[in-house]
Structures are given as C-alpha cells and as structure tokens.
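Read off the chains here:
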Amino acid sequence: MSETFYGPDFNLLSKQDPEIAAVLLSELKRQQNNLQLIASENFTSRAVLAALGSTLSNKYAEGYPGKRYYGGCEEVDKAETIAIDRAKDLFGAEHANVQPHSGASANIAVYQAFTKPGDTVLAMSLPHGGHLTHGSKVNFSGKWFNIVSYGVRQDNELIDYDELRELAIANKPKMICSGATAYPSLIDFEKVRAICDEVGAIMWVDAAHFIGLVAGKAIPSPVPYADVVSFTTHKVLRGPRGGMILSKAEHAAAIDKAVFPGMQGGPIMSAVAGKAIALAECATPAYQKYAKDVIINAQALAAALEGEGMRAVSGGTQTHLALIDIRSTGVNGKVADERCGAAGIVLNKNSIPYDPEAPSVTSGIRVGTPATTTQGMGVEEMKTIASLIARAIKTDDAAAHAAIKSEVHALTSRFPIYQA
Ligand code: DSN
C-alpha cells in the first residue's frame, strides 16, 4: 500500500537508489503508524506534495516576479504572483513576501529590515516559550542583537504585559517581538501595539505557531495591528516547509530587499507553488472547520491529561497546543518523551515556565493537535490519547510500552493518512 502512495516515480527511485527509497518508505510508515503530537507538525495535502516534487525545483528565480536575474522565469513568476495574491487576500495584508526558505530565514529578514546589529529588541524569553531566533545566545539573534527578554507571570503563566511595558520604557527597543513556540494562550495584540506606539518600536509578530488558526478564522489576527508578521507555512497552516512575511505597505520595499538579496538567493519555487496551494486550501470552509476542531481537540486533550493527574500550564489552552507540567508523575520531560516514543506516541519534552530542570531535561511535555485533527480524530480520540500518554509515562516496562504501541496502531489505522 505505502509503495503505491508515492506513484510510478517511486519504482524508478527504488531501482536507482534503494537506500533512500527505503527511508522514504519507512518515514511514510512512521507517520502512518504512530501518533503525531508534535505541535509544529502536520500532514500536508497530496496537492502540496505534488508541487514539492515538481520541476519547479529546477528553476533559479533570484529577484521578484517581472524583475528576475535569470531568463525563463515566466512560469514560476505566475506561481509566485498567485501565492502573493492569495496570502494578501487570506490575511487581509498589504504586502506579502512568500520567498523565505524557513521561519528562521524569515526572521533574519525581519531583523535586517528594521534593525542593525547591536540594536535592542524585546522578545519572549526562551525558557518561557520564545523561539530560538528570539534571542537565544547560541543563535544569530542573541549574538548580534541586544535582546531584552520578557516572560510570563509566575502566578497565572500568562504574558506579563506590565513587565513588557516597563521593559519597553526602560530599554527603548527598536522592535518588540511577540510569538512563541510553547505558549498555549492568545496574545493581546492590541496591548502590544499600544506599548510599541508608546516607545516608538516596530511591532513584529512571529506567528509561526498559530498563523494557521488565524487563516482558519479560529483566533484573532495580528495582521491589522503589526508592522510585520513572520511565520512558517508547515505547522497548523498545513503547507510545505517554508517561511513567509506579511507587512504594511510602507515596509514592503525594506522586507523584499531584506529577503533578496539581503538574506537569501534564489527562492525554492517548488515550495512557493506549494505555499500557493496551501493558501487556497486555507480559504475553504473545510479548513475553517479544521482550525476550530484543532483548538477543540487541544482543549479536550489538555483536560483529559489533567484528568490523568497532570497540570496544564496556564490552566488549559486557547490554541493548538498544550504545555503539560508532569511533575506529579515523578517523571521528567526527557524520560516522558522517551517512554512515549517507545509506545508510538511522538511528542516533545518542553520547559515549563520557571522550570527547575535544565532545558535538556525539563519538567514538561508539549502536545499539539494539528496532525491528529487532519487525520479526522476528535474529542473521544483525544481522551484515549491522554490515557495512552499517561500509561506510557508512568511505566518503564518495555512490554507495557509494546502493548500501548499496539493500541496506538489500532487507533491510527482507524484514521489512515496517505493511502494509495
Ligand atoms: N521548532 C519549532 C517548534 O517546534 O516549535 C519552532 O518553530
């Protein structure tokens, strides 16, 4: 069954390069047979996969539609123009750049468009959920910029907007960034805009995690408030791996120049076409229902994990992910991640706010529902998944993990993906 999913080209690949063909096949089976709860992953459509495997991959197209540095760009120009128009329509944005290869690339372009090395930027602290490119000391952002971090309050685990305002007034940042990898609540963009206006800072929203929920009209959009919104296209949004930037018209030239030639050369045109396809999919009523279901499922999963004696950080979730404090189980995040993996449940260990454990160990796990919701799972399955997670975490017995894995297989085979 799996072999036929890839189509006739897979037979060619199998003959030419059996080693890599085997990897493609076993990764397909891994995605089909395990529970995929990584909050930043999803199952993209076959139409998007078709674009990624197309001859658009062969084309160099440095520049922008109508202003390229290479000949023969008339067809890829159409794909990029369609992607730009769809992004502007879907998000009500004044400008869209669809070329960044990834979220990190998009963020390099944002820094470049609005700041110079050494400038002060206010961003969410990594241990409280910020992204790597929001000032990690081992990332370009932490090395080249003066990053001042804000976090969440210890009592309610929500962003402390008072602290954010005080830090903004004290440090006069060039840019204030909102967005996170492990923040289950909504961000108050109106409040952040007011703080940016008060101190004259650029408002940058890194919407990588939640932009798909915005696309599906399931949560409020940052686009009307922010100067610039960067994001990845492969999370809830369910497109190909890649990045994108939306901005106000006044910043269009700075963004485009920062992406090319500032940050990268030729765009990956097969991915640009895939982004266009995903954006059209996001504009459908079916996707809007999906986005709402993702949140309903995340809330059900968080509640069921609480029912198993664990604690949902900030009391639950308003998005696609939940951050779970698992200290009550006596097991740390690293061990929980390994035990769940042995049971066919793919999730990640994650620091919780004010975590006493090191980032390599952690006291928490992060669970997300974009992929299982794409499979068609609902609230009942979330309850089952919570129970499977709890059982997997609480035992170190290999036979017990094997038994849970069989139950995982039974569940995932009721919600098949990527069939021939
Ligand atoms: N690495 C990504 C995540 O999993 O959250 C950040 O975009």
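This one's a predicted model, so the numbers in the text were calculated from it and none came from an experiment.

The final tally for this structure, using the stated rule, is 18 salt bridges. Here arginine 165 ties to glutamate 198 by a salt bridge, and the two come within 2.7 Å at their closest N and O atoms. Residue arginine 165 is located in helix H8 (residues 161-171), and its partner glutamate 198 is located in helix H9 (residues 189-199); the two are separated by 33 residues in the primary sequence. Taking relative accessible area as the criterion, arginine 165 reaches 38% and is therefore assigned partly exposed. Members of the salt-bridge network, linked through shared partners, are Glu157, Arg311, Asp325 and Arg327.

Near the ligand you find Ser40, His131, Thr181, His209, Lys235 and Arg366, and these make up its full shell. In the model, an oxygen atom of the ligand is placed 3.5 Å from a nitrogen or oxygen of the histidine 131 side chain. Within the contact set of the ligand, an oxygen atom lies 2.9 Å away from a side-chain nitrogen or oxygen of lysine 235. Considered on its own, the ligand offers 230 Å² of accessible surface; in the complex 63% of this is hidden by protein. Applying the majority rule of atoms within 2 Å of the grid points places the ligand in the second largest pocket.

Helix-helix packing is described using two parameters, namely the angle between the two axes and the distance between the axes. With their axes 10 Å apart at the nearest point, H8 and H9 run at an angle of 15° to one another. In terms of orientation, H8 lies roughly parallel with respect to H9. The way H8 lies across H9 gives a crossing that is right-handed. Along its contact with H8, which presents Tyr161, Leu164, Arg165, Ala168 and Ile169, the element H9 presents Lys191, Val192, Ile195, Glu198 and Val199.

Before going further, it helps to examine empty space enclosed by the protein. Applying the stated rule across the entire model yields two cavities of 30 Å³ or more. Its volume calculated, the largest cavity comes out at about 110 Å³. Residues belonging to the lining of the largest cavity are distributed by class as follows: nine nonpolar, four polar and no charged. Considering only enclosed or pocket space, the second largest cavity measures out at about 30 Å³ in volume. Lining the second largest cavity are Gln99, Pro100, His101, Arg241, Gly242, Ile268, Ala271, Val272 and Lys275.

With respect to the helices and strands, histidine 401 occurs in helix H17 (residues 398-414). If near-sequence neighbours (up to four positions away) are discounted, histidine 401 is found in contact with Arg339, Ala342, Ala343, Ala392, Thr395 and Asp396.

Here the focus is helix H12 (residues 269-282). The first and last C-alpha atoms of H12 sit 20 Å apart over 14 residues, in line with the 20 Å expected at 1.5 Å per residue. Every buried residue of H12 is listed here: Met269, Ser270, Ala271, Val272, Ala273, Gly274, Lys275, Ala276, Ala278, Leu279 and Cys282. The elements touched by buried residues of H12 are helix H4 (46-52), strand E3 (67-68), helix H5 (74-91), helix H10 (211-215), strand E10 (243-247) and helix H13 (285-307).

This next bit is on the UniProt feature "site: Plays an important role in substrate specificity" (unreviewed entry) in the chain. As recorded in UniProt, the sites labelled "site: Plays an important role in substrate specificity" (unreviewed entry) are His234. Structurally, histidine 234 is set in the loop between strand E9 (228-232) and E10. Taking the relative accessible area as the measure of exposure, histidine 234 reaches 11% and is therefore buried. Dropping the residues within four chain positions of it, histidine 234 is found in contact with Ser40, Glu41, Asn42, Gly239, Pro240, Arg241 and Gly242. Here arginine 241 takes part through its side chain, which lies 3.4 Å from a polar atom of the side chain of histidine 234.

Further remarks concern the sheet that holds E9. If you walk across this open sheet you meet the seven strands as E4-E10-E9-E8-E7-E5-E6, and the pairing is mixed. Strands with a single pairing partner mark the edges of an open sheet, and in this sheet they are strand E4 (95-97) and strand E6 (146-150). Averaged over all adjacent pairs, the angle separating strand axes in this sheet is 20°, with direction ignored. By the bridge criterion, three bridges tie strand E8 (residues 202-206) to E9 in an arrangement that is parallel. When the sheet's bridge partners are listed, aspartate 206 is paired in E9 with serine 230. Lying on the sheet, H5 is in contact with E4, E9 and E10; it crosses E4 at an angle near 130°.

Procedures and definitions
- Residues numbered from 1 in each chain as written.
- Predicted model: local features only at pLDDT ≥ 70, side-chain atom pairs only at ≥ 80, totals over all residues.
- Heavy atoms only, no water.
- Salt bridge = Lys/Arg side-chain N within 4 Å of Asp/Glu carboxyl O.
- Helix = DSSP H or I, 4+ residues; strand = E, 2+ residues; numbered from the N terminus.
- Buried < 20%, exposed > 50% of the residue type's maximum accessible area, 1.4 Å probe, protein only.
- Near = heavy atom within 4 Å.
- Polar contact = N/O pair within 3.5 Å; in protein donor to acceptor, adjacent residues only side chain to side chain.
- Areas by Shrake-Rupley, 256 points an atom, 1.4 Å probe, with all protein chains shown as cover.
- 1 Å grid on protein atoms, 1.4 Å probe; cavity = no way out; pocket = protein on both sides within 12 Å on 5 of 7 lines; lining within 4 Å.
- Sits in = over half its atoms within 2 Å of the grid points.
- Axes fitted to C-alpha atoms, helices over the stretch in contact; angles between N-to-C directions.
- Parallel < 35°, antiparallel > 145°, perpendicular 65-115°, else oblique.
- Left-handed = near helix turned anticlockwise from the far one by under 90°.
- Contact = heavy atoms within 4.5 Å.
- Points joined across faces, edges and corners; volume = space filled by probe spheres on them.
- Nonpolar A, V, L, I, M, F, W, Y, C, P; charged D, E, K, R; others polar.
- Expected span 1.5 Å × (residues − 1).
- UniProt positions renumbered as here; feature names shortened; annotations may be inferred.
- Pairing = 2+ DSSP bridges.

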